[in-house]
Amino acid sequence: MSPTKNIIAVFKREFFSYFNSPLAYIILFIFVIAAMGFTFIVGGFLSSNNATLSGQGSFFMWHPWIYLVLVPAVGMRLWSEEQRLGTMELLATMPISPWHAVLGKYLAAASVWAIGLALTFPIILTVSYLGEPDPGPIISGYIASYLYALACLAITSAVSAFTRSQVICFIISVAICLLLFLFGFQQVVDFLLKVTPASLDGLVRFIAELCFMTHFYEMSKGLLVFDDVLYFLSVVGVCLGITHYAIQAKRA
């Protein structure tokens, strides 16, 4: 089969496997409820008298918090499950290159999150009913949110390629995503600058520049910056490359 057909075949197998179990339904339900709950209850959306989904405490700013746990929950089965069931050996005998399998499985998990974001459409109807929101920040916010989810998913994919335990994959992925989340906050960076030697200031600022929130925040406010988009796509590319390397090594 052609590379495209191989990727589509793996995609279909993985995508439908998500919805053949309660996992995807439960995670998507929790995501929608959490996104709406944080926005309306914690963020005080209705009392803010501001028909927007961007800015501090708004709809999109809660997404990184939710993704910390839910994205690794979706991605932890990508390769760990194959290793646990012993189907990695079967996959190795099929005329499919590791890249086709990596892309097909990743795109399937990414589609689950596309569905999750699409299910939040009632918030758009609500904000449109309450006022006349600028569509630009809404589109930019959704792009930022999806890119953030894709980056977390790519990290989880890379981790799952090295372990057959979904629990271990989940814990390590959450820890990595949490670090990349926290180091993007200015308060955390200021604290580290205070407690570390002055000679490490450059390293602290460099690490902060590599963190998710540094690149997510401006886009979530409606400013779609090419460098930020490129950053998230680079994270995805590097992590999928690591996944490919791990799978290739297991097939050798």
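Residues numbered from 1 in each chain as written. Predicted model: local features only at pLDDT ≥ 70, side-chain atom pairs only at ≥ 80, totals over all residues. Heavy atoms only, no water.

## Brief notes about the pattern of salt bridges
Working step 1: Using the criterion set out here, one finds two salt bridges in the structure.
Working step 2: We note a salt bridge from arginine 77 to glutamate 14, for which the minimum N-O separation is 2.9 Å. You can see arginine 77 sitting in the loop between α3 (63-75) and α4 (80-85) and its partner glutamate 14 sitting in helix α1 (residues 3-19), a full 63 residues away along the chain.
Working step 3: Note that glutamate 14 is salt-bridged to lysine 105, the shortest N-O span being 2.8 Å. Taken as a pair, glutamate 14 in helix α1 and lysine 105 in helix α6 (residues 98-118) lie far apart in primary sequence, 91 residues in all. With respect to burial, glutamate 14 and lysine 105 carry one shared label: buried.
Working step 4: If you follow the salt bridges from partner to partner, you end up with Glu14, Arg77 and Lys105 in one network. (Salt bridge = Lys/Arg side-chain N within 4 Å of Asp/Glu carboxyl O. Helix = DSSP H or I, 4+ residues; strand = E, 2+ residues; numbered from the N terminus. Buried < 20%, exposed > 50% of the residue type's maximum accessible area, 1.4 Å probe, protein only.)

## Focus: the packing of aromatic side chains
Geometrically, a pair of aromatic rings is defined through the distance of the ring centres and the angle of the planes.
Working step 1: Under the defined criterion, the tally for this structure stands at 21 aromatic pairs.
Working step 2: Plain terms: the ring middles of phenylalanine 31 and tyrosine 67 are 5.8 Å apart, the flat faces sit at 10 degrees to each other, and that makes the pair stacked. Of this pair, phenylalanine 31 sits in helix α2 (residues 22-42) while tyrosine 67 sits in helix α3; the two residues are 36 residues apart in sequence, bridging distant segments of the chain.
Working step 3: Under the relative-accessibility criterion, phenylalanine 31 is labelled buried at 0%.
Working step 4: Among the residues examined, tyrosine 67 registers a relative accessible area of 0% and is labelled buried.
Working step 5: Between tryptophan 65 and phenylalanine 181 the ring centres are 4.8 Å apart and the planes differ by 75 degrees, which places this aromatic pair in the edge-to-face class. Here phenylalanine 181 lies in helix α9 (residues 166-182) and tryptophan 65 lies in helix α3, a separation of 116 residues in the sequence.
Working step 6: Tryptophan 65 sits in the partly exposed class, given a relative accessible area of 44%.
Working step 7: Members of the aromatic cluster, connected to one another through ring pairs, are Phe31, Tyr67, Trp113, Tyr148, Phe212, Phe216, Tyr231 and Phe232. (Phe/Tyr/Trp six-rings, centres within 6.5 Å; stacked < 30°, edge-to-face > 60°.)

## Some thoughts on the nonpolar core
Working step 1: Judged by nonpolar contacts, the single largest core of 69 residues is most densely connected at Trp113, Tyr148, Phe212 and Phe232.
Working step 2: In terms of residue count, the dominant contributor to this core is helix α8 (residues 135-160) (14 residues).
Working step 3: Once you skip the residues sitting within four places of it in the chain, tyrosine 148 turns out to touch Pro64, Tyr67, Phe181, Phe212, Met213, Phe216 and Phe232.
Working step 4: In this structure, Val189, Leu192, Leu193 and Ala208 belong to the second largest nonpolar core, which totals five residues. (Core = buried A, V, L, I, M, F, W, Y, C linked by side-chain atoms within 4.5 Å. Contact = heavy atoms within 4.5 Å.)

## Quick notes on α1
Working step 1: An ideal rise of 1.5 Å per residue puts 24 Å on 17 residues; α1 measures up with 25 Å between its terminal C-alpha atoms.
Working step 2: Where α1 is concerned, the buried positions are Asn6, Ile7, Val10, Glu14, Phe15, Tyr18 and Phe19.
Working step 3: The inward-facing, buried residues of α1 contact α2, α3, α4 and α6. (Expected span 1.5 Å × (residues − 1).)

## As for the state of the cysteines
Working step 1: Scanning the entire structure with this criterion turns up zero disulfides.
Working step 2: Lacking any disulfide linkage, cysteine 152 is separated from the closest cysteine sulfur, that of cysteine 177, by 3.7 Å.
Working step 3: In this structure cysteine 152 comes out as buried when scored by relative accessible area, which is 1%. (Disulfide = S-S within 2.5 Å.)

## Topic: the confidence of the model for the chain
Any region with low pLDDT has predicted coordinates that should not be read closely.
Working step 1: When pLDDT is averaged across the chain, the result is 87; 93% of the residues are at 70 or more.
Working step 2: Mean pLDDT in the chain bottoms out at helix α5 (residues 87-93), which sits at 69, and peaks at α9, which reaches 94. (pLDDT = per-residue confidence, 0-100.)

## Some details on the environment of phenylalanine 38
Working step 1: On the secondary structure map, phenylalanine 38 appears in helix α2.
Working step 2: Assessed through its relative accessible area of 30%, phenylalanine 38 is described here as partly exposed.
Working step 3: Residues phenylalanine 38 and tryptophan 62, 24 residues apart in the sequence, show an inter-C-alpha distance of 6.8 Å.
Working step 4: Dropping the residues within four chain positions of it, phenylalanine 38 is found in contact with Gly43, Trp62 and Ile66.

## A word on the packing of α6 against α8
Working step 1: Interaxial distance between α6 and α8 falls to 10 Å at its minimum, and their mutual angle equals 145 degrees. Note on packing geometry: the crossing formed by α6 with α8 is right-handed. Counted together, Tyr106, Ala109, Ala110, Ser111, Trp113, Ala114 and Leu117 of α6 and Tyr142, Ser145, Tyr146, Ala149, Leu150, Leu153 and Ala154 of α8 form the full contact between these two elements.
Working step 2: Taken together, the residues that form the contact of α6 with α8 break down as twelve nonpolar, two polar and no charged. (Axes fitted to C-alpha atoms, helices over the stretch in contact; angles between N-to-C directions. Left-handed = near helix turned anticlockwise from the far one by under 90°. Nonpolar A, V, L, I, M, F, W, Y, C, P; charged D, E, K, R; others polar.)

## Thoughts on the environment of proline 95
Working step 1: Residue position: proline 95 is located in the loop between α5 and α6.
Working step 2: Look at proline 95 and you get exposed, because its relative accessible area is 74%.
Working step 3: Residues proline 95 and asparagine 6 lie 89 residues apart in sequence; the distance between their C-alpha atoms is 8.7 Å.

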